[in-house]
Amino acid sequence: MNVTVYAMPRDEVLSYMGTDWPPTPGATVVRIDPAAGVTDGTVSVYETPGRPGISWWLVDGVIPPQGAGAGGEALAALISGAVAEYIPIPESESPPHSGVWSSSPE
């Protein structure tokens, strides 16, 4: 598998991302190795040079889930130095409902 990282201006990438950025809580993203020297642009994975592959948008060194296809751990395994990261779901600020209801007479 071949991987090409192509740099683009962050604002331009964000203009294409739409609702895929920022990643939603509960999503698995791929963080590429900062040594790649590119934080914003595209990451393309292809088998044969000169033949189409699959490309993902890259923002701030992160590849969020998007319409390009499977990402997450499978994609991270193809990119040297990349890791899959889980975006945590924030805990609720209010305590969970206990199911008990009470009323006090006045």
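Structure's up top.
So, here's what we can say about the structure.

With that settled, consider the side chain of Thr42. For Thr42, the location among the structural elements is in strand E3 (residues 41-46). We classify Thr42 as buried; its relative accessible area is 14%. If sequence neighbours within four positions are ignored, Thr42 has contacts with Thr4, Val5, Tyr6, Met8, Trp56, Trp57 and Leu58.

Here we take up the sheet that holds strand E6 (residues 83-86). A sheet is described by the order of its strands in space; here three strands give the open sequence E5-E2-E6, paired in antiparallel fashion. Of all the strands in the sheet, the pair left with one neighbour each is strand E5 (62-63) and E6. Of the pairings in the sheet, the one linking strand E2 (residues 28-31) to E5 comprises two bridges and is antiparallel in character. Each residue of the ladder has a partner; that of Val30, found in E5, is Ile63.

Glancing now at the nonpolar core. Membership of the largest hydrophobic core is limited to twelve residues, which are Val30, Ile32, Val38, Val43, Val45, Trp56, Leu58, Ile63, Leu75, Ala76, Ile79 and Ala82. Every element with two or more residues in this core is listed here: E3, strand E4 (54-58) and helix H2 (72-78). Beyond its immediate chain neighbours, meaning those up to four positions away, Ala76 contacts Val30, Ala82, Val83 and Ala84.

Looking now at the environment of Asp20. Inspection of the secondary structure assignment puts Asp20 in the loop between helix H1 (10-17) and E2. C-alpha of Asp20 to C-alpha of Gly67: the two residues are 47 residues apart in sequence and 8.6 Å apart in space. Excluding anything up to four places from it in sequence, Asp20 contacts Pro64, Pro65, Gln66 and Gly67.

To continue, consider the pattern of salt bridges. Within this structure, the stated rule accounts for two salt bridges. The salt bridge involving Asp60 is made with Arg10; its shortest N-O contact spans 2.8 Å. Residue Asp60 is located in the loop between E4 and E5, and its partner Arg10 is located in helix H1; the two are separated by 50 residues in the primary sequence. Look at Asp60 and you get partly exposed, because its relative accessible area is 37%.

As summarised here, the arrangement of the three strands in space is E1-E3-E4, forming an open sheet in which the pairing is antiparallel. Two strands in the sheet have a free side with no partner beyond their single neighbour: strand E1 (2-7) and E4. Between one strand axis and the next, the sheet turns through 20° on average, direction left out of account. Here E3 pairs with E4 via five bridges, running antiparallel. Bridging across to E4, Gly41 finds its partner in Leu58.

Bringing the environment of Val59 into the picture now. Tracing the backbone through its elements, the reader meets Val59 in the loop between E4 and E5. Judged by relative accessible area, which is 0%, Val59 ranks as buried. The spatial distance from the C-alpha of Val59 to the C-alpha of Thr39 is 6.1 Å, given a sequence separation of 20 residues. Val59 has contacts with Arg10, Val13, Leu14, Met17, Trp21, Thr39 and Asp40, leaving out every residue within four places of it along the chain.

Definitions and limits used
- Residues numbered from 1 in each chain as written.
- Predicted model: local features only at pLDDT ≥ 70, side-chain atom pairs only at ≥ 80, totals over all residues.
- Heavy atoms only, no water.
- Helix = DSSP H or I, 4+ residues; strand = E, 2+ residues; numbered from the N terminus.
- Buried < 20%, exposed > 50% of the residue type's maximum accessible area, 1.4 Å probe, protein only.
- Contact = heavy atoms within 4.5 Å.
- Pairing = 2+ DSSP bridges.
- Core = buried A, V, L, I, M, F, W, Y, C linked by side-chain atoms within 4.5 Å.
- Salt bridge = Lys/Arg side-chain N within 4 Å of Asp/Glu carboxyl O.
- Axes fitted to C-alpha atoms, helices over the stretch in contact; angles between N-to-C directions.

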